[in-house]
Amino acid sequence: STADAPDAPADANAHCVGPSSANAGDAASCAGCPNQQACKSGAAGAARDATDADAVAIAHRLRDVKHKILVLSGKGGVGKSTFAAQVAFGLASRGKDVGLLDIDICGPSAPLMCGGVGAEVHKSNSGWSPVYVEENLGVMSIGYRHL
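Procedures and definitions
Residues numbered from 1 in each chain as written. Predicted model: local features only at pLDDT ≥ 70, side-chain atom pairs only at ≥ 80, totals over all residues. Heavy atoms only, no water. Helix = DSSP H or I, 4+ residues; strand = E, 2+ residues; numbered from the N terminus. Rg over C-alpha atoms; globule rule 2.2 N^0.38 Å. Buried < 20%, exposed > 50% of the residue type's maximum accessible area, 1.4 Å probe, protein only. Expected span 1.5 Å × (residues − 1). Contact = heavy atoms within 4.5 Å. Pairing = 2+ DSSP bridges. Axes fitted to C-alpha atoms, helices over the stretch in contact; angles between N-to-C directions. Salt bridge = Lys/Arg side-chain N within 4 Å of Asp/Glu carboxyl O. Disulfide = S-S within 2.5 Å. Core = buried A, V, L, I, M, F, W, Y, C linked by side-chain atoms within 4.5 Å. Polar contact = N/O pair within 3.5 Å; in protein donor to acceptor, adjacent residues only side chain to side chain.

**Digging into the overall build of the protein chain**
A tally of helices and strands in the protein chain yields 4 helices and 5 strands. Shown N-terminal to C-terminal, the secondary structure of the protein chain runs as helices and strands in the order α-α-α-β-α-β-β-β-β. Over its C-alpha atoms the protein chain spans a radius of gyration of 21 Å, topping by over 25% the 15 Å that the globule rule assigns to 147 residues. Its C-alpha atoms give the protein chain principal-axis dimensions of about 60 × 35 × 30 Å. Burial status across the protein chain gives 25% buried among its 147 residues.

Right, dumping it as structure tokens:
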């Protein structure tokens, strides 16, 4: 797509004005677009706004995190958790403040690999605090108790 609007859907027509435009669904570039009715009705913008509220909150919480590393694969058993744990410990050993988030719902292994099996996540009014396995290495996993 060569959409002009930054909020244009991925499958939008060329020169899409975007769902937040006053001309959404009515602009000449909207003719034949699969999103035309959603944009015209405001549904696309409403969905974006609902998502944006969460995105803004997340961006605010992560604003001071300089680097984020994502380890993922579409296949199980390839060592994602092992690699992530080793990177986390390696960075922490170099004095970096590190957070590791284990979101493997089928077999969360961070508590076993990083230590803290049986540890409890602390809940407070400001949210959940990770389990610190080193002074500068916090781990959050559904494998910890009381999440």
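Now that the structure has been shown, we can carry on.
**Some remarks on helix α3 (residues 80-93)**
With 14 residues, α3 should reach 20 Å at 1.5 Å per residue; the first-to-last C-alpha distance of 20 Å fits that figure. By the burial criterion, the buried members of α3 are Ala84, Ala85, Ala88, Gly90 and Ala92. Residues of α3 that are buried make contact with β1 (98-102), α4 (110-114) and β5 (137-141). Gly95 lies just past α3 and shows a positive phi near 90°.

**Digging into the sheet that holds β5**
The pairing of strands in a sheet happens through backbone hydrogen bonds and is either parallel or antiparallel. The 3 strands are arranged β1-β5-β4 in an open sheet whose pairing can be described as mixed. Each end of this open sheet is capped by a strand with a single partner; those strands are β1 and β4 (131-134). Across the sheet, the mean angle from the axis of one strand to that of its neighbour is 30°, orientation sign disregarded. In this structure, β4 lies alongside β5, joined through 3 bridges in antiparallel fashion. By the bridge assignment for β5, Tyr132 is matched with Gly138. In the packing of α3 onto the sheet, contacts are made with β1, β4 and β5, and the angle to β1 comes to roughly 165°.

**Brief notes about the pattern of salt bridges**
When the charged atoms of two side chains with opposite charge come close together, those side chains can pair. Taken as a whole and assessed by the stated rule, the structure comprises 1 salt bridge. A salt bridge links Asp26 to Lys40, with the nearest nitrogen and oxygen atoms 2.9 Å apart. You can see Asp26 sitting in the segment before α1 (36-41) and its partner Lys40 sitting in helix α1, a full 14 residues away along the chain.

**Here's the deal with the state of the cysteines**
Applying the stated criterion across every chain yields a total of 0 disulfides. Free of any disulfide, Cys114 has its nearest cysteine sulfur in Cys106, 19 Å distant.

**Observations regarding the nonpolar core**
With 15 residues, the main nonpolar core has Leu100, Leu137, Val139 and Tyr144 as its most contacted residues. Sorting the residues of this core by element identifies α3, β1, α4 and β5 as the ones contributing at least two each. The greatest single-element share of this core, amounting to 4 residues, is contributed by α3. Beyond its immediate sequence surroundings of up to four residues, Tyr144 is in contact with Pro111, Gly115, Gly116, Ala119, Val121, Val131, Val133 and Val139.

**Regarding the side chain of Asn136**
Its location among the elements puts Asn136 in the loop between β4 and β5. Its relative accessible area of 17% is what places Asn136 among the buried residues. Of the polar contacts made by the side chain of Asn136, one reaches the backbone oxygen of Ala92; its length is 2.9 Å. Look past the residues within four positions of Asn136 in its chain and what remains in contact with it is Ala92, Gly95, Lys96, Asp97 and Val98.

**Focus on unusual backbone geometry**
One non-glycine residue, His15, lies in positive phi territory at about 65°. Mapped onto the fold, His15 is located in the segment before α1.

Just geometry here; none of it tells us what the structure is for.
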